[in-house]
Amino acid sequence: MRSTFHGLEVAKRGMFTQQSAIYVTGHNIANANTPDFSRQRVNFNQTEPYPAASMNRPNIPGQMGTGVEAGSIQRIRDSFLDYQYRNESTKSGYWSTRLDAISRMEDVMNEPTEFGLAKAMTQFWESLQDLSVSPENEGARAAVRQRGIAVAESFNYLHSSLTQIREDLGQQIKTGLLDVNSILRQISELNDQIKAIEPNGYLPNDLYDRRDALVDELSKYVQVKVDKQPTGGNALPIAEGIYKISIVDSTGAAIEVVSSTGYKTLSIDPSISGDPTNPNGYVRNVVLSDGTTIAPNDFANGKIKALIEAYGYGSTPTSVVGYYPDMLNKLDQMAYSFAEMFNAQHRAGYGLDNSTGLDFFSVGSVSGAAGAIQVSINDLSKIAASTALNEPGNGENALNLSKIKDLLITSGTVTISGSPVSVPIQGGTIQTFYEGFIGQIGVDGQQAQRMKVNADTLAKSVNENRQSVSSVSLDEEMTNLVKFQHAYSAAARMITVVDEMLDKIINGMGRVGI
């Protein structure tokens, strides 16, 4: 026989469950503008029917439902969209950082403008042509020296500015790895909190949201892989467990950095600064706290990879490659080649005082030439404008000097005044060499801009899809609120109906003849 109070219990469960749904809806509405919040829902479960299948069950027509209960409160999240977003975020982080590094280089090189190295050299060649017309004119000689100083200072400025930006990039690598280590530590701490809660049968949705937000942030720096590990105990089947985080390299291999037992930190080998064995700075490897190493070119994508590529990496200080080291090396090659070729022609001429064999520029070695080049002649009479002794009106050597920019270099050798001169530039002319790497900067900048826009667009598109699933829609929540309120009211009305039925039984039966 069914219980007289069966209907009251069914209605009571309905009221309590709908009340829970109303509270969760209110929580969603309250967090509509909270960053990284995923909307939540109550999973309604039917309670066990009556009677249970057994030998001594009551003999009634069939099982009757006993109502509803709130099985769990679950956040709404699509893990596949998370995976897509993090992949696109990693690409966006790489191209954004690369574009920033190239843009800073473009700002320093400042070409083509009236204030770049090309303009300074053009004015220098023009001053030499003027000198060839008036080789005895002191003003023309002073102009040549001043224009030469301007060229040297332009090289010096480019070298020092690019070096400073490169040092800044080195600090950004250190800061970036500190950020990565902080994120890994926080994820590990959240894992510890989650594995203390889940075995009790609860879903720590707020902790899940905070952890996913950290993984999203981490994906900007490196490409990550997330594996879920159950926490055991009485954890619900839909519990997300702890996150095992791995860095994915360019081959697809996963290097674990967060596990159930803790996390690993990342550092640079050798140090970016303060290392006497690394005066010029370079990155050999990224080292994990357990000794595992990741070669710079093994990173798949992300900010760290872009920063290292811009700063420079290699196995030894003499094998460093990278965007800024390459540019500094090209400037050094150009400054050294320019100075050596100009000096070779200058040594072949004669000054007003018949001096000869003198260098116009001092430059040192190829390495660091752009930072070291300077004009070494202070006496204007020693500028070798003439090709012959005792011919102060002869300006042919000045004209030859003005043509240095057009001399063709073949396999690192150029012939000047009948003698071969070895230079680090392997082909073309000084002018085409400069135009070549300036043009390459422009091409690289355009590519980085294009790829950044593409990556940002894809990341934005995936994030919009993700938000359409996880974010709070006030219209939808208001609809749910009305729905749950009506269900609550109906359950309450059922209690009233059952109460009236019981009142008839208790107070209206057994009163015959009264």
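Keep in mind that what you see is a predicted model, and the values were worked out from it rather than measured. Along each chain, residues carry numbers from 1 onward, in the same order as the chain's sequence is written. Since the coordinates come from a predicted model, pLDDT governs what is reported: local features require at least 70, and pairs of side-chain atoms require 80 or more to be given and counted, while whole-chain, interface and lining totals use all residues. Side-chain metrics in this entry use all non-hydrogen atoms of the structure; hydrogen atoms and water are not considered.

Student: Looking at this model, I keep getting lost on the packing of aromatic side chains. Mind explaining?
Tutor: To describe a pair of aromatic rings, you give the distance between the ring centres and the angle between the ring planes. Two rings from Phe, Tyr or Trp (for Trp, the six-membered ring) form a pair when their centres are within 6.5 Å of each other. A pair whose planes differ by under 30 degrees is stacked, one over 60 is edge-to-face, and the rest are tilted. Throughout the structure, instances matching the rule amount to 16 aromatic pairs. Through pairs of rings, three or more aromatic residues link up here, namely Phe124, Trp125, Phe155, Phe338, Phe342, Phe360 and Phe361. The ring of Tyr311 has Arg166 sitting right over it, with the charged end atom 4.4 Å from the ring centre. The positively charged end of Arg466 is found above the aromatic ring belonging to Tyr85, 4.1 Å away from the centroid. Charge over a ring is defined by NZ of Lys or CZ of Arg lying within 6 Å of the ring centre and within 35 degrees of the ring normal.

Student: Help me understand the environment of Gln84 in this model?
Tutor: A run of H or I in DSSP counts as a helix once it spans at least four residues, and a run of E counts as a strand once it spans at least two, with each numbered from the N terminus. By the element assignment, Gln84 lies in helix α2 (residues 79-109). Relative accessibility thresholds used throughout: buried, under 20% of the residue-type maximum; exposed, over 50%; partly exposed, between the two (1.4 Å probe, protein chains only). The partly exposed category is assigned to Gln84, whose relative accessible area is 29%.

Student: Honestly, the packing of α2 against helix α7 (residues 323-347) in this entry has me stumped. Any pointers?
Tutor: When two helices pack together, their arrangement is captured by the angle between the axes and the distance separating the axes. Here an angle of 0 to 180 degrees is reported between the N-to-C directions of two axes, which are lines fitted to C-alpha atoms, with helices fitted over the stretch in contact. Contact pair α2 / α7: the axes reach a minimum separation of 11 Å and the direction vectors enclose 25°. In this view, α2 runs roughly parallel relative to α7, as classed from their interaxial angle. Crossing geometry of α2 relative to α7 is assigned as right-handed. In contact with Arg98, Ala101, Ile102, Arg104, Met105 and Met109 of α2, α7 contributes Tyr323, Tyr324, Met327 and Leu331. In this scheme, roughly parallel covers angles under 35 degrees and roughly antiparallel covers those over 145, while 65 to 115 is roughly perpendicular and the rest are oblique. Put simply, a crossing is left-handed when the front helix is turned counterclockwise from the back one by less than a right angle, and right-handed when it is turned clockwise. A contact between two residues is defined here by any heavy atoms of the two lying within 4.5 Å.

Student: Please explain the sheet that holds strand β6 (residues 262-263) as it appears in this structure.
Tutor: To summarise the sheet geometry, strands pair through backbone hydrogen bonds and adopt either a parallel or an antiparallel arrangement. Whether two strands pair comes down to DSSP finding at least two bridges between them. Taken in spatial order, the four strands of this open sheet run β3-β4-β5-β6, and their pairing is antiparallel. Whereas interior strands pair on both sides, the edge strands pair on one side only; in this sheet they are β3 (224-229) and β6. Examined bridge by bridge, strand β4 (residues 242-248) and strand β5 (residues 254-259) share four bridges and lie antiparallel to one another. Considered in β5, the bridge of Ser246 is made with Glu256. Running over the sheet, helix α4 (residues 138-197) touches β4, β5 and β6 and is turned about 55° from β5.

Student: Before we go on, may I ask you to explain α4 in this structure?
Tutor: Residues three or four positions apart in an α-helix share a direction because the helix packs 3.6 residues into each turn. By this rule, a helix spans an expected 1.5 Å times one less than how many residues it contains. Here α4 is 60 residues long and its end C-alpha atoms lie 88 Å apart, about the 88 Å a rise of 1.5 Å per residue gives. Pairs of N or O atoms within 3.5 Å make up the polar contacts considered here, provided that, within protein, one atom can donate a hydrogen while the other can accept it, and that residues adjacent in sequence are counted only when both atoms are side-chain atoms. The N-cap residue of α4 is Asn137: its side-chain oxygen and the backbone nitrogen of Gly139 are 2.7 Å apart.

Student: Honestly, α7 in this entry has me stumped. Any pointers?
Tutor: With 25 residues, α7 extends 36 Å from end C-alpha to end C-alpha; this agrees with the ideal 36 Å at 1.5 Å per step. When you tally the buried positions in α7, you get 20 out of 25 residues, the bulk of the element.

Student: Explain the side chain of Thr25 to me, please; I cannot follow it from the model alone.
Tutor: By secondary structure assignment, the location of Thr25 is in helix α1 (residues 6-30). For Thr25, a relative accessible area of 3% corresponds to the buried category. For Thr25, the contacting residues outside a window of four places in its chain are Glu477, Asn480, Leu481 and Phe484.

Student: Got a minute to help me understand the sheet that holds strand β7 (residues 266-269) in this structure?
Tutor: A sheet is described by the order of its strands in space; here three strands give the open sequence β7-β8-β9, paired in antiparallel fashion. Each edge of the open sheet carries a strand with a single partner, namely β7 and β9 (293-294). In this structure, strand β8 (residues 285-288) lies alongside β9, joined through two bridges in antiparallel fashion. In the strand pairing of β9, Val287 is matched with Thr293.

Student: Can you help me understand a nonpolar patch on the surface in this one?
Tutor: On the surface, a cluster of nonpolar side chains totalling about 320 Å² of accessible area is made up of Ile505, Ile506 and Met509. Within the fold, Met509 resides in the segment after α11 (474-508). Classification of Met509 by relative accessible area gives exposed; the value is 52%. In this analysis, a patch consists of residues with relative accessible area above 30% that form no salt bridge, clustered at 9 Å for like charges and at 5 Å for the nonpolar side chains Val, Leu, Ile, Met, Phe, Trp and Tyr. Accessible surface is estimated by sampling points in the Shrake-Rupley manner with a 1.4 Å probe; for residues, cover comes only from the protein chains shown. Put simply, a salt bridge is a Lys or Arg side-chain nitrogen that is within 4 Å of an Asp or Glu carboxyl oxygen.

Student: Is there a simple way to explain the environment of Lys330 in this structure?
Tutor: Summarising the element assignment, Lys330 is placed in helix α7. Linking Lys330 and Leu162, residues 168 residues apart in sequence, is a C-alpha distance of 12 Å. Sequence-distant contacts of Lys330, defined by excluding residues within four places in its chain, comprise Phe433 and Phe437.

Student: It is not clear to me how the side chain of Ser132 should be interpreted in this structure. Could you clarify?
Tutor: With respect to the helices and strands, the residue Ser132 is situated in helix α3 (residues 117-133). Residue classification places Ser132 among the buried positions, given a relative accessible area of 17%. Separated by 2.5 Å, the side chain of Ser132 and the backbone oxygen of Gln129 make a polar contact. Discounting chain neighbours no more than four positions away, the residues touching Ser132 are Gly395, Ala398 and Leu399.

Student: How should unusual backbone geometry be read in this particular structure?
Tutor: Note on backbone geometry: most residues besides glycine have negative phi, and most peptide bonds are trans. Cis geometry is found at the peptide bond from Glu111 to Pro112, where omega equals -10°. The residue Pro112 is located in the loop between α2 and α3 in this model. The phi angle at Asn110 is positive, at roughly 55°, despite the residue not being glycine. With respect to the element layout, Asn110 can be found in the loop between α2 and α3. If you check the backbone angles, Ser417 has positive phi at about 55° while not being a glycine.

Student: Explain the nonpolar core to me, please; I cannot follow it from the model alone.
Tutor: As a rule of thumb, nonpolar side chains are buried together in soluble globular proteins. Think of a nonpolar core as a cluster: buried Ala, Val, Leu, Ile, Met, Phe, Trp, Tyr and Cys residues, connected wherever their side-chain atoms sit within 4.5 Å. Ranked by internal contacts, the top residues of the largest apolar core, which has 102 residues, are Met109, Phe124, Phe155 and Phe338. With 18 residues, the single largest contributor to this core is α4. Setting aside anything within four residues of it in sequence, one finds Phe124 in contact with Val144, Arg147, Gly148, Val151, Phe338, Phe342, Phe360 and Phe361.

Student: In this structure, what is going on with the packing of α3 against α4? I would like to understand it.
Tutor: Between α3 and α4, the least distance of the axes is 9 Å, while the angle of their chain directions is 160°. In terms of orientation, α3 and α4 fall into the roughly antiparallel class. Seen along the crossing, α3 lies across α4 with a hand that is left-handed. Facing α3, whose interface residues are Leu117, Ala120, Met121, Gln123, Phe124, Ser127, Leu128 and Leu131, α4 presents Ala140, Arg141, Ala143, Val144, Arg147, Gly148, Ala150, Val151, Ser154, Phe155 and Leu158. Charged residues are taken to be Asp, Glu, Lys and Arg, nonpolar residues to be Ala, Val, Leu, Ile, Met, Phe, Trp, Tyr, Cys and Pro, and polar residues to be all remaining types, Gly included. Looking at the contact of α3 with α4 residue by residue, the class counts come to 13 nonpolar, four polar and two charged.

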